[in-house]
Amino acid sequence: MRSANGDLQLRLVCSFCASLVAASLRAESPLQSTPAIETTLRIPISGFQNRPPEPLSIDLRGGIGPDEAATIALYSNPALRAIRDRRGLAVAQLIQARVLPNVVVSYARDYVTGGNTAGAVTAYNLSAGWEFSALVPFLPKQTAARKNLGSVDLDIAWQEWQMAENARTAVYRVIALDAQVARAREGNRGLQESTDAVRQAVDAHEKTVLDLAAVEAASQDSRATMLSLEQDFARQQLGLNKILGLDPGIRVRLREGLTLPSHLTIPDEHDLLYKIESRRLDLLGLEQGYQSQDATVRAAILAQFPKMSVAFVRAKDNTNVQSSGFNVAVDVPIFDRNQGVIATERATRQRLRDEYNQRVSEARSDIAVAIADIRALDRQVAAAQEALPVLERLVDSAEKAREQGNVDVLSYYTARNNLLQKRIQLIKLQEQLLEANTALEIASGRYLPSDAALNAR
């Protein structure tokens, strides 16, 4: 396992994007009490661990995009604040590892209470001792605590990275569902108008009951699709608020002009796999955790050294004889040689090594899967786009034939419903394309700009 190099926050910022400025924000969020996102969010410099030259400002009046959502989530998501609290425990462990055992001072007095007390005086015994064997594993324990703190920092950064990606994905889904709802409402409105027109024609004996039944069935199906998508859209908006750390009643405005991409350019796979162990934050954290555990094993081995303490002794007995000397205490390791602790720490170290190797293998596999998904979705999006004009011409032809009485009404409304479903399917494929891109970002530990139109201001 290679050693981690570089500053934690620099890695996080570089692996996400320059626009996020810093990936670890630790401050209370003013958004918790604001009634709506209609002003400018100003994040003070004190809110950053790796401080930028000036406060970060996000203009919320014009709406937010994926990167702004990621920044707000890093700053105000309550789950992240709870995760960051873990660092306090690691810091406390590091402080404790630097503490040496106290000097033990004892004092005793022996009063004369009876018997042949002629010439007897009160005796006392004073000793001051220190267990110097604690110095033997002292440095390995400090190393283990320091590496553990680095591991916790990297693990927090990995959680922040994933939260930022989840916030961006939540924006993608809101955009996609908004587009799907718009398509469904458009189709339902057209069918509702057709239903009203056919009902009037039936009343005038110009259309048959079969025509009315066909259009009403198509309208009901379209309305059911619209209502289901509206439910998904409302749920996803609440999910976006949750990730951003906002109250459910706040309506988040997205920036206008955000569109879903139809194609994504895939980076070179070998470039994404190259030095992934030194780029992905969770792998760096596991590496630091392994090094911490390795130092813990060394400390456990050194703890086999017998406990030894030395003490200075000053005493006076009842006959007023005074003495000075020293006392040495040695713990003879006959039964307990710390063998159980050593075995436990070694097993833990092996588990961390195996977990690291497993995570590296999974990362490489996830990159390959994400790239394959993006390529497949690119082809599916292209096929759906090619099918749309064909279905549109089919609907136009079926409508003309229906007006001329050359085709049954069921065929016409079936073609119209197929066109609506294909349009919704295209939007879903574009959404899946962005989600696959997000999966590739997480797997590779690298920020990959998606579509220029999506992030355009």
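The structure we're discussing is the one just above.
Quick caveat, the model's predicted, so the values are computed rather than measured.

Observations regarding the pattern of salt bridges
- Overall, the coordinates contain 22 salt bridges when judged by the stated rule.
- Ionic pairing is found between Glu 435 and Arg 173, a salt bridge with its closest N-O pair at 2.7 Å. Highlighted residues: Glu 435 in helix H10 (residues 409–444) and Arg 173 in helix H5 (residues 138–203), separated in sequence by 262 residues.
- Of the residues examined, Glu 435 reaches a relative accessible area of 22% and is grouped as partly exposed.
- Since its relative accessible area comes to 33%, Arg 173 is described here as partly exposed.
- Notably, a salt bridge pairs Glu 230 with Arg 185, separated by 2.9 Å at the nearest N-O pair. Placement of the pair is Glu 230 in helix H6 (residues 209–244) and Arg 185 in helix H5, with a sequence separation of 45 residues.
- Overall, the relative accessible area of 23% leaves Glu 230 in the partly exposed class.
- Relative accessible area serves as the criterion here: at 41%, Arg 185 is assigned to the partly exposed category.
- Bridged by salt links that share partners, the residues Arg 280, Asp 282, Arg 351, Glu 355 and Arg 359 form one connected network.

Some points on helix H9 (residues 339–403)
- With 65 residues, H9 should cover 96 Å at 1.5 Å per step; its first-to-last C-alpha distance of 91 Å lies within 8% of that length.
- Downstream of H9 by one or two residues, Gly 405 has phi in the positive range, about 75°.

A look at the pairing of strand S6 (residues 322–330)
- Two elements, strand S5 (residues 308–316) and S6, share 9 bridges in a ladder whose sense is antiparallel. Bridged to Ala 315 within S6 is Ser 323.
- Linking S5 back to S6 in an antiparallel pair, the connection comprises 5 residues, with Asn 320 at a positive phi of about 70°.

Let's talk about the side chain of Asn 241
- Take Asn 241: it is sitting in helix H6.
- Of the residues examined, Asn 241 reaches a relative accessible area of 4% and is grouped as buried.
- Not counting chain neighbours up to four residues away, the residues in contact with Asn 241 comprise Leu 246, Asp 247, Pro 248, Ile 250 and Val 252.

Structural notes on the packing of H5 against helix H8 (residues 281–302)
- Between H5 and H8, the least distance of the axes is 8 Å, while the angle of their chain directions is 160°. With respect to each other, H5 and H8 are oriented roughly antiparallel. In terms of crossing hand, the pair formed by H5 and H8 is left-handed.
- Of the residues contributing to the contact of H5 with H8, the split by class is 11 nonpolar, 10 polar and 4 charged.

Brief notes about empty space enclosed by the protein
- If you walk through the whole model with that rule in mind, you get 1 cavity of 30 Å³ or more.
- Taken as a whole, the largest cavity spans an internal volume of roughly 30 Å³.
- Contributing to the lining of the largest cavity are Leu 264, Thr 265, Ile 266, Pro 267, Ile 374, Asn 437, Leu 440 and Leu 448.
- Split into classes, the residues belonging to the lining of the largest cavity amount to 6 nonpolar, 2 polar and no charged.

Some remarks on unusual backbone geometry
- For Asn 320, which is not glycine, the phi torsion reads 70° and is therefore positive.
- Position of Asn 320 relative to the elements: it lies in the loop between S5 and S6.
- Overall, the relative accessible area of 41% leaves Asn 320 in the partly exposed class.
- At Asn 338, a position not held by glycine, the phi torsion is positive, near 65°.
- Mapping Asn 338 onto the fold places it in the loop between S6 and H9.

Some thoughts on the packing of aromatic side chains
- If you walk through the whole model with that rule in mind, you get 2 aromatic pairs.
- Look at Tyr 412 and Tyr 413: their rings are 4.7 Å apart centre to centre, the planes differ by 65°, and that puts the pair in the edge-to-face class. Considered together, Tyr 412 and Tyr 413 belong to a single accessibility category, that of buried residues.

Regarding a nonpolar patch on the surface
- Among the surface-exposed residues, Val 310, Phe 326, Val 328, Val 330, Val 332, Ile 334 and Phe 335 lie close enough to one another that they form a single nonpolar patch of about 760 Å² accessible area.
- With 3 residues, S6 is the largest single contributor of residues to the nonpolar patch.
- Mapped onto the elements, Val 310 comes out in strand S5.
- Taking the relative accessible area as the measure of exposure, Val 310 reaches 36% and is therefore partly exposed.

About the cut-offs
- Residues numbered from 1 in each chain as written.
- Predicted model: local features only at pLDDT ≥ 70, side-chain atom pairs only at ≥ 80, totals over all residues.
- Heavy atoms only, no water.
- Salt bridge = Lys/Arg side-chain N within 4 Å of Asp/Glu carboxyl O.
- Helix = DSSP H or I, 4+ residues; strand = E, 2+ residues; numbered from the N terminus.
- Buried < 20%, exposed > 50% of the residue type's maximum accessible area, 1.4 Å probe, protein only.
- Expected span 1.5 Å × (residues − 1).
- Pairing = 2+ DSSP bridges.
- Contact = heavy atoms within 4.5 Å.
- Axes fitted to C-alpha atoms, helices over the stretch in contact; angles between N-to-C directions.
- Parallel < 35°, antiparallel > 145°, perpendicular 65-115°, else oblique.
- Left-handed = near helix turned anticlockwise from the far one by under 90°.
- Nonpolar A, V, L, I, M, F, W, Y, C, P; charged D, E, K, R; others polar.
- 1 Å grid on protein atoms, 1.4 Å probe; cavity = no way out; pocket = protein on both sides within 12 Å on 5 of 7 lines; lining within 4 Å.
- Points joined across faces, edges and corners; volume = space filled by probe spheres on them.
- Phe/Tyr/Trp six-rings, centres within 6.5 Å; stacked < 30°, edge-to-face > 60°.
- Patch = residues over 30% accessible without salt bridge, like charges linked within 9 Å, V, L, I, M, F, W, Y side chains within 5 Å.
- Areas by Shrake-Rupley, 256 points an atom, 1.4 Å probe, with all protein chains shown as cover.

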